[in-house]
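Structure at a glance
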Amino acid sequence: MTIKVVVAEDQSAVRAGLVLILRSAGGIEVVGEAADGEEAVRLARELRPDLVLMDVQMPKLDGVSATREVVAEGLADVLVLTTFDHDEYVFGALRAGAAGFLLKNAEAAELIEAVRTVARGEGLIAPAVTRRLISEFAAPRPARAPVSPEATAAVASLTRREREVLSALGEGRSNAEIAERLEMAESTAKTHVSRLLGKLELRSRLQAAVLAQELGI
């Protein structure tokens, strides 16, 4: 199945490079290009892509707000492009429901694999990026709101196996890695992930991973 992608990046040269890389890959089709957040949301509504490759900092509507709208309306998964220079932007995108994060200086092969990974439901992409993100944004900070009592109670309602899966997500593990660690079929691991996301009312695996880190699971 072809993966339909909208590329949202305000720098035209960078956007052209991203489009060129994605169009060179088999099974990926760039169906739209956006130069700002408002256009990214509009194209997501109009074209219903599988994934939006979203820069964090863009004019008119920033990538965090655009991600929030795309995810809230169920228009597409969002793979966020970041340099890790602006911590709260990235954390905001995570809270908004971004399915994955990719460093802007990633190699072409990494970009292609990240798109394919997120498109098949594996929100946690390259382990180095994932674990760095979790470590960076799960660390306690005075300005950050504590985990809500509701979230804590929801975690307490998980089964033992679901807590084990949540712990594995907190370590940045994929479905295949979870399956191997817990000695279950990969399809079973995927089912557990979907179920616990529903119980915790979270939009992405990455949100679950950070919650696991915040609660020390």
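The rules behind these values
- Residues numbered from 1 in each chain as written.
- Predicted model: local features only at pLDDT ≥ 70, side-chain atom pairs only at ≥ 80, totals over all residues.
- Heavy atoms only, no water.
- Axes fitted to C-alpha atoms, helices over the stretch in contact; angles between N-to-C directions.
- Helix = DSSP H or I, 4+ residues; strand = E, 2+ residues; numbered from the N terminus.
- Parallel < 35°, antiparallel > 145°, perpendicular 65-115°, else oblique.
- Contact = heavy atoms within 4.5 Å.
- Nonpolar A, V, L, I, M, F, W, Y, C, P; charged D, E, K, R; others polar.
- Buried < 20%, exposed > 50% of the residue type's maximum accessible area, 1.4 Å probe, protein only.
- Polar contact = N/O pair within 3.5 Å; in protein donor to acceptor, adjacent residues only side chain to side chain.
- Core = buried A, V, L, I, M, F, W, Y, C linked by side-chain atoms within 4.5 Å.
- Salt bridge = Lys/Arg side-chain N within 4 Å of Asp/Glu carboxyl O.
- Arc of directions from axis to C-beta.
- Pairing = 2+ DSSP bridges.

Here the focus is the packing of helix α8 (residues 160-170) against helix α10 (residues 186-200). It is the contact of α8 with α10, at a shortest axis distance of 10 Å, that shows an interaxial angle of 95°. Here α8 is positioned roughly perpendicular relative to α10, judged by the angle of their axes. Contacts between α8 and α10 pair Arg161, Glu162, Val165, Leu166 and Leu169 from the former with His192, Val193, Arg195, Leu196, Lys199 and Leu200 from the latter. When the residues that make up the contact of α8 with α10 are grouped by side-chain class, the tally is six nonpolar, one polar and four charged.

Looking now at the side chain of aspartate 36. Structurally, the position occupied by aspartate 36 is in the loop between β2 (28-34) and α2 (37-47). Look at aspartate 36 and you get buried, because its relative accessible area is 9%. Within the local environment of aspartate 36, its side chain forms a polar contact with the backbone nitrogen of glutamate 38, the two atoms lying 3.0 Å apart. If near-sequence neighbours (up to four positions away) are discounted, aspartate 36 is found in contact with Met58, Pro59, Lys60 and Leu61.

Membership of the largest hydrophobic core comes to 28 residues, with the highest contact counts inside it found for Ala8, Val52, Met54, Val70, Val80 and Phe101. When residues of this core are traced back to their parent elements, those giving at least two are β1 (3-8), α2, β3 (51-55), α3 (63-72), β4 (77-82), α4 (87-96) and α11 (205-215). Excluding residues within four positions of it along the chain, methionine 54 makes contact with Ala8, Ala40, Gly63, Ala66, Thr67, Val70, Val78, Leu79, Val80 and Leu81. Judged by nonpolar contacts, the second largest core, of 20 residues, contains Leu22, Ile28, Leu53 and Leu79.

For the rest of this paragraph, the subject is the side chain of glutamate 162. Positionally, glutamate 162 belongs in helix α8. A polar contact is formed between the side chain of glutamate 162 and the backbone nitrogen of threonine 159, at a distance of 3.0 Å. With sequence-adjacent residues up to four places away left out, glutamate 162 is seen in contact with His192, Arg195, Leu196 and Lys199.

This part covers the pattern of salt bridges. Under the counting rule described, the total for this entry stands at 14 salt bridges. Of the charged contacts, one joins glutamate 33 and arginine 15 as a salt bridge, the two residues approaching to 3.5 Å between their closest N and O atoms. Taken together, the positions of glutamate 33 in strand β2 and arginine 15 in helix α1 (residues 12-23) put the pair 18 residues apart, joining distant regions of the chain. In this structure glutamate 33 comes out as partly exposed when scored by relative accessible area, which is 34%. Glutamate 73 serves as the salt-bridge partner of arginine 45, at 2.6 Å between the closest nitrogen and oxygen. With arginine 45 in helix α2 and glutamate 73 in the loop between α3 and β4, this residue pair connects regions lying 28 residues apart in the sequence. Taking the relative accessible area as the measure of exposure, glutamate 73 reaches 40% and is therefore partly exposed. Salt bridges sharing common partners tie together Glu9, Asp55 and Lys104.

If you check the backbone angles, arginine 48 has positive phi at about 45° while not being a glycine. With respect to the helices and strands, the residue arginine 48 is situated in the loop between α2 and β3. The phi angle at glutamate 201 is positive, at roughly 55°, despite the residue not being glycine. Following the sequence through the fold, glutamate 201 ends up in the loop between α10 and α11.

Bringing α2 into the picture now. Each α-helix winds once per 3.6 residues, and so residues spaced three or four apart point in a common direction. Looking at α2, one finds that the buried residues are Gly37, Ala40, Val41, Leu43 and Ala44. When α2 is viewed along its axis, its buried side chains cluster within an angular range of 165° and face the same direction. Buried positions along α2 lie against β1, β2, β3 and α3. Two or three places before glutamate 38, at the start of α2, stands the capping residue aspartate 36, its side-chain oxygen 3.0 Å from that residue's backbone nitrogen. Positive backbone phi, approximately 45°, marks arginine 48, located one or two places after α2.

A word on the sheet that holds β1. Reading across from one edge, β2-β1-β3-β4-β5 is the order of the five strands in this open sheet, with parallel pairing throughout. Bordering the open sheet on either side are β2 and β5 (100-103), each of which pairs with just one other strand. For this sheet, the mean angle separating the axes of adjacent strands, direction not counted, is 25°. As paired elements, β4 and β5 share four bridges and run parallel to each other. Considered in β5, the bridge of leucine 79 is made with glycine 100. Sitting on the sheet, α1 touches β1, β2, β3 and β4, and the angle it makes with β2 is about 165°.

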